[in-house]
Amino acid sequence: MSKLNIPTQDKDYKAYIEKTIENYNNNGKKTIVYFCDTFYPIIDGVIKVLDNYAKGLSKQYNTIVIVPKHKNKYVVQKQDYLVIGTASMYFKFVNYDLGFPEADNYLKTIIKKIRIDLIHSHSPFNMGIYAAKLAKKLKVPLVMTSHSLYKKDFMRYTNSPAITDILLNKAMRVFNKSDEVWAMHDRGVSELLSYGYKGKTYLMPNATDYQTPQNE
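Bear in mind that the values here come from a model prediction, so they are computed numbers and not experimental data.

A. Structural context of the environment of K92. Relative to the elements of secondary structure, K92 occurs in the loop between strand 4 (88-91) and strand 5 (96-99). Given the relative accessible area of 70%, K92 is considered exposed. Expressed as a C-alpha distance, the spacing of K92 and K71, which sit 21 residues apart in the sequence, is 9.1 Å.

Have a look at this one:
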């Protein structure tokens, strides 16, 4: 397991980011940039999947994860891949950091320095919207992963069919800008299609770092 360090977004950490990006741009490997609306120290299934993707692929590719800073103060650094935090607002009642990448001037500066080959978003919300715009601007492939039965979740949180439809339409606009969407099971694929997704879908079981036990 990687050791978790919690640096502040200070001058030293920015220097570390820029040095790592310079290395990535010159080491001959392709670079994958991941986006997600949540990250450590918060813990949930999406974060674990993202972490395992980034760790696993870091052996073959340069992997960068761009996520909201926790409480708009710090981001958890990983040893296997580069993590860049962006401006955010923390909502204590749901323990959630809402990212605002469009408003982050440092992110705008650093994005221009990264030689990006592929963008992969694990969310269709603020970070996913930004990822889709960036992929279009840079003319690189965009992969999305669907982690949720969105209609069911929206209804649970809003208890409003009208608001659920608005949120669902906004999410599907992002998914429909992707080159392909990964879903973890057949129901996930059928739900995406029922929401109005029109593109390619692939079944991709969630990544994990657990070892398969050997029978004695």
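There's more to say after this.
B. Local environment of the side chain of D97. Residue placement: D97 occurs in strand 5. Lacking a salt bridge, the buried D97 has K71 as its closest oppositely charged neighbour, with an N-O distance of 7.7 Å. Within the structure, D97 has its side chain in polar contact with the side chain of H70 (distance 2.8 Å). Non-local contacts of D97, meaning those with residues more than four positions away in its chain, are made with D37, I42, P68, K69, H70, K71, S88, M89 and Y90.

C. Molecular detail of the pattern of salt bridges. Across all of its chains, the model carries seven salt bridges by this definition. Because the salt bridges share partners, they merge into one network encompassing D51, K55 and K78.

D. Geometry of unusual backbone geometry. Residue P41 follows Y40 across a cis peptide bond; omega there is 15 degrees. Position of P41 relative to the elements: it lies in the loop between strand 1 (31-35) and helix 2 (45-57). Even without glycine at this site, K71 takes up a positive phi of about 55 degrees. Of note, K71 is situated in the loop between strand 2 (62-68) and strand 3 (82-86). Taking relative accessible area as the criterion, K71 reaches 40% and is therefore assigned partly exposed.

How each quantity is defined
- Residues numbered from 1 in each chain as written.
- Predicted model: local features only at pLDDT ≥ 70, side-chain atom pairs only at ≥ 80, totals over all residues.
- Heavy atoms only, no water.
- Helix = DSSP H or I, 4+ residues; strand = E, 2+ residues; numbered from the N terminus.
- Buried < 20%, exposed > 50% of the residue type's maximum accessible area, 1.4 Å probe, protein only.
- Lys, Arg positive; Asp, Glu negative; His and termini not counted.
- Salt bridge = Lys/Arg side-chain N within 4 Å of Asp/Glu carboxyl O.
- Polar contact = N/O pair within 3.5 Å; in protein donor to acceptor, adjacent residues only side chain to side chain.
- Contact = heavy atoms within 4.5 Å.

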